[in-house]
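# Structural features, examined
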Amino acid sequence: MVILGFSTVLFAISTGALAVFPKSADPDRYGCPGYEVDGEVTTNRTSLTANLKLAGDACNLHGTDIERLKLTVEYQTDFRLHVKIEDADSQVYQVQEQVLPRPTSSSNITPVTPWLNFTYTTNPFTFKVARAISDEVLFDTAGSPLIFETQYVHVRTSLPQEVNLYGLGEHSDSFGLPESNYKRTMWNSESPFIPQNSNLYGSHPVYYDHRPTGTHGVFLLSSSGMDIDLGRTDTGRYLEYNTIGGVLDFYFFTGPDPAAVSEQYALIVGLPAMMPYWALGFHQCKFGWKDLNHVKEVVANYSAAGIPLETMWGDIDYMDKRRDFTPDPVNFPLSEYKEFINTLHQNNQHYVMILDPGIANDPSYPTFERGAQSGAFLRADDGSFYRGRQWAGEVVWPDWFAPGAQPWWTNEIQLTFDPSCGLPVDGLWVDMDEASNMCDNTLCFDEKPSPASTPTPVPSTGYHRRCPPPELHQGLPNRNLFTPSYHITNHAKDHSLSGGTLYTNITNADGTTQYDTHNLYGHLTALATRTALLTLHPNLRPFVLTRSTFSGTGSVAAHWFGDNASTWPHLRASITQMLTFTALHAMPMVGSDVCGFNSAAEPLLCARWAMVGAFQPFYRNHADITAPDQEFYRWEVVARAAKKAIDARYRLLDYVYTALHKASQTGRPVASPLWFAWPGDEGTYGIETQWLWGEWLVVSPVLEEGSMQVEMYLPRDVFYDFWTGERVQGEGKVVTLADVAWDEIPVHVRGGGILPLRVKGGMTTSEVRGVNFEVGK
């Protein structure tokens, strides 16, 4: 090994590299030459740059091989290493700085302090990342050739035989990722019934590798559609990335403990947004409430049942013709609607309303007209508005990269929700923002195009820019933007990229295309909404809920897990989804639709779910228009469970609020798996039905249909029953709790913790804030 002039191994050439990749290592890509270092390597105190060139004849496996690449390696902090491989001409798309601002290197790092070492081979070019203190290899690309083509990028890292991987959300699969024969696809999509083994609403290409020796994280900053495969060969395990574009922009986090990796990742994508106190209360929503009188009845029924209700939500029922910013004049008359919200406020309750990004394509609709004049909408190649279908019928969509989009969106929100003359809402909910398109082709319209636009042209594989010549990182020309040769496993029909969403050949105002920016659409919708609320109420913390997410969305919004179902498996999935987002994806304010969104909620399931939801960050009961009403007061057993659950939650509000604040300042999770607190206890590694609520509470719910008992794991530690104060000695094994009633949920306090509790709960979070504290029991 040749050291390049530093007092410790920062950058080094590994001698004795194989000249070719063994066929057995990667038979599908055998014959691709990989790359080699071309010319001199430039280093300084904390960085390395080098040029790479193809090491042989191009294989053009799923596109045209790019002949020359650029490698940049930076020690940005003691705990963070940045490795980027991009095209030498800087044309390949990279996520825009205004979407995810890049961190810079620390000014106080010295060559002797980094906790990671970067080594590489020259021909073929491969690289390793290892812990400096032990030389334990964390990432090693030697098992497969680097492929960097116009529409296909591939890199593989080998893994130890025994390793625990987590992350790569959003998904409804197990919390711990399977060892092999498993694929995670990153392509945001509307996903009714949150299917397993499928891409869902968000893309977060970060994974945590937890070993007895420590935890580290790997983040690929890329919005490109991709498959991430876990598998085995004769020589061991691997994880590989197969993307349809973009560059390889890796961040490696050293940990070494799990919570440290969470904090280190949050510093890259953005620290979570601090939420208003009231957002931690209990929320109620329903798609299908026919009119304002029905909504008032729900509020009154909660009060009569003695069940605390913090926030009511307005789904698209409130809209006139299902158009944003337009209350139905018959069923939700403006003056009465405003009076209702003000009455909620007088009772210290809150109200949140929904918005969809699809804007009705109608020149008589003021929101559309103002957007058209502002240049706020996406356009097809011929300059006409790109049209599709959403709840409002034929719609157009905001182009969040257009200069006029944010001012227009802010203006519409100000006009509609200004408390002095509009609806004084407390937060906004953006839905269908993947973006979801109910039109899969140009033949689905039920009505003629409006006079304001011409029909959207039939998609072609040609590439036509609406913008001036490309600037850096805007995307390569002459690509097949509909059906690239490499097919990611998008769950849409025929795995189509454009199925159920915006056509991927549509050009954004900055010259990039939806092919490259699709996974950012929901994040940008949430960001635009947050920005508008800050303009409307500059002295209030905004509350935005979004369905679609990308890495960093936690810095602008909360998230719910989409259109789940009223089933026991989906109750269980709500826990694994929560843990993935809160602990691994820097999104603390998350939760599922309590009692399930689709299908009929069964009372005993709803009772269990009411208890589980009370110990998760975002707590909302919500159901579809096709599902029966499922408010907590409709069944005696559910009402009893809800009262107990909400009372406990409200007594713990300040404990949770403090955890949220800590998350907003450091990135430390609000809820986490047990191995975060006991990283050396192998018995915790596979647990996905218990969680840490804050730093001190262990929650262990009953999740099996018809069951009155739960098997739970308590590490070797001292615990106290949250409900009774009884001391329990954890023995590092599974124990069974029997006779767990339908209005009970086992919760234990870790010994040594100080738990501030309100003496009692209240009907609203405002009422709770007037109650005294007690410490412990």
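Calculation criteria
Residues numbered from 1 in each chain as written. Predicted model: local features only at pLDDT ≥ 70, side-chain atom pairs only at ≥ 80, totals over all residues. Heavy atoms only, no water. Phe/Tyr/Trp six-rings, centres within 6.5 Å; stacked < 30°, edge-to-face > 60°. Buried < 20%, exposed > 50% of the residue type's maximum accessible area, 1.4 Å probe, protein only. UniProt positions renumbered as here; feature names shortened; annotations may be inferred. Helix = DSSP H or I, 4+ residues; strand = E, 2+ residues; numbered from the N terminus. Pairing = 2+ DSSP bridges. Contact = heavy atoms within 4.5 Å. Axes fitted to C-alpha atoms, helices over the stretch in contact; angles between N-to-C directions. Right-handed = clockwise from strand over helix to strand, strands pointing away. Salt bridge = Lys/Arg side-chain N within 4 Å of Asp/Glu carboxyl O. 1 Å grid on protein atoms, 1.4 Å probe; cavity = no way out; pocket = protein on both sides within 12 Å on 5 of 7 lines; lining within 4 Å. Points joined across faces, edges and corners; volume = space filled by probe spheres on them. Nonpolar A, V, L, I, M, F, W, Y, C, P; charged D, E, K, R; others polar. Polar contact = N/O pair within 3.5 Å; in protein donor to acceptor, adjacent residues only side chain to side chain. Disulfide = S-S within 2.5 Å. Parallel < 35°, antiparallel > 145°, perpendicular 65-115°, else oblique.

### As for the packing of aromatic side chains
- Tallying each qualifying case throughout the model produces 47 aromatic pairs.
- Ring centres of Trp400 and Trp409 lie 5.4 Å apart, and the angle between their planes is 85 degrees; on these two criteria the pair is classed as edge-to-face. The pair Trp400 / Trp409 is uniform in exposure class, with both members buried.
- Put simply, the rings of Phe325, Phe368, Phe377, Phe385, Trp400, Trp408, Trp409, Phe417 and Tyr521 pair up and form one aromatic cluster.

### Side note on the UniProt feature "domain: Glycoside hydrolase family 31 N-terminal" (unreviewed entry) in the protein chain
- Taking the UniProt record as the reference, the feature "domain: Glycoside hydrolase family 31 N-terminal" (unreviewed entry) is found at residues 119–229.
- Across residues 119–229 one finds 0% helix and 47% strand; the C-alpha atoms that close the span lie 24 Å apart.

### So, the UniProt feature "domain: Glycosyl hydrolase family 31 C-terminal" (unreviewed entry) in the protein chain
- Under the UniProt annotation, the feature "domain: Glycosyl hydrolase family 31 C-terminal" (unreviewed entry) is placed at residues 667–755.
- For residues 667–755, the helix share is 4%, the strand share is 33%, and the end-to-end C-alpha distance is 21 Å.

### Here we look at the sheet that holds strand β29 (residues 558–560)
- In spatial order, the strands read β30-β29-β27-β26-β22-β21-β20-β32-β31; together these 9 strands make up an open sheet with parallel pairing. Since the sheet does not close on itself, it has two edges, and those belong to β30 (590–591) and β31 (593–594), each with one partner.
- Of the pairings in the sheet, the one linking strand β21 (residues 311–314) to strand β22 (residues 350–355) comprises 4 bridges and is parallel in character. Opposite Gly314, over in β22, you have Met353 as the bridge partner.
- Helix α2 (residues 292–305) contacts β20 (283–284), β21 and β32 (620–621) of the sheet and is inclined by roughly 160 degrees relative to β21.
- Docked against the sheet, helix α3 (residues 334–346) engages β21 and β22, running at close to 135 degrees with respect to β22.

### Observations concerning the pairing of β21
- Judged by which residues are buried, β21 turns out to be covered on both faces: Thr311 and Trp313 on one side and Met312 and Gly314 on the other are all buried.
- Where β20 meets β21, 2 bridges bridge the pair, whose relative direction is parallel. Across the sheet, the residue bridging to Gln284 is Met312, located in β21.
- Read as a crossover between parallel neighbours, the route from β20 over α2 to β21 is right-handed.
- Taken together, β21, α3 and β22 constitute a β-α-β crossover, and its handedness is right-handed.

### Digging into unusual backbone geometry
- In this chain, Asn123 is followed by Pro124 through a cis amide linkage whose omega measures 0 degrees.
- In this structure, Pro124 sits in the loop between β7 (116–122) and β8 (125–131).
- Geometrically, the link from Gly255 to Pro256 is a cis peptide bond, its omega value of 10 degrees lying close to zero.
- Within the secondary structure, Pro256 is located in the loop between β19 (248–253) and α1 (258–269).

### Looking at the pattern of salt bridges
- Within the structure shown, the criterion is met by 29 salt bridges.
- In this structure, Glu136 and Arg211 form a salt bridge, with 3.1 Å as the shortest nitrogen-oxygen distance. Here Arg211 lies in strand β15 (residues 206–211) and Glu136 lies in the loop between β8 and β9 (137–140), a separation of 75 residues in the sequence. Summarising the burial analysis for this pair, Glu136 and Arg211 share the class buried.
- A salt bridge links Arg620 to Asp593; the nearest nitrogen and oxygen atoms lie 3.0 Å apart. Taken together, the positions of Arg620 in strand β32 and Asp593 in strand β31 put the pair 27 residues apart, joining distant regions of the chain.
- For Asp593, a relative accessible area of 0% puts it in the buried group.

### Notes on empty space enclosed by the protein
- Using the criterion set out here, one finds 5 cavities of 30 Å³ or more in the structure.
- If you add up the space inside the largest cavity, you get close to 60 Å³.
- Ile85, Phe125, Thr126, Phe127, Thr141, Ser144, Leu146, Val155 and Leu248 are the residues that line the largest cavity.
- In the lining of the largest cavity, the residues fall into 6 nonpolar, 3 polar and no charged.

### A few points about the side chain of Glu240
- On the secondary structure map, Glu240 appears in strand β18 (residues 236–243).
- A residue is classified by how much of its surface remains accessible, and Glu240, at 4% relative accessible area, is buried.
- A polar contact is formed between the side chain of Glu240 and the side chain of Asn242, at a distance of 3.0 Å.
- Excluding residues within four positions of it along the chain, Glu240 makes contact with Arg29, His154, Val155, Arg156, Asp227, Ile228 and Asp229.

### Concerning the state of the cysteines
- The final tally for this structure, using the stated rule, is 2 disulfides.
- Disulfide partner of Cys32: Cys59, at an S-S distance of 2.2 Å. In this structure, the disulfide formed by Cys32 and Cys59 twists by about 90 degrees around the S-S bond and is classed as right-handed. Placement of Cys32 in the loop between β2 (11–13) and β3 (35–43) and of Cys59 in the loop between β4 (47–54) and β5 (68–77) is noted, with a sequence separation of 27 residues between them.
- We classify Cys32 as buried; its relative accessible area is 10%.
- With a sulfur-sulfur separation of 2.0 Å, Cys595 is cross-linked through a disulfide to Cys606. Around the S-S axis, the bridge from Cys595 to Cys606 shows a dihedral of about 75 degrees and counts as right-handed. Residue Cys595 is located in the loop between β31 and α9 (603–613), and its partner Cys606 is located in helix α9; the two are separated by 11 residues in the primary sequence.

### Some remarks on the packing of α9 against helix α10 (residues 636–651)
- Running from amino to carboxyl end, α9 crosses α10 at an angle of 5 degrees, the nearest separation of the two axes being 8 Å. Taken together, α9 and α10 sit at an angle that is classed as roughly parallel. In this structure, α9 uses Pro603, Leu604, Cys606, Ala607, Ala610, Met611 and Gly613 to contact α10, whose residues at the interface are Val637, Val638, Ala641, Ala642, Ala645 and Arg649.
- Of the residues assigned to the contact of α9 with α10, the class counts are 11 nonpolar, 1 polar and 1 charged.

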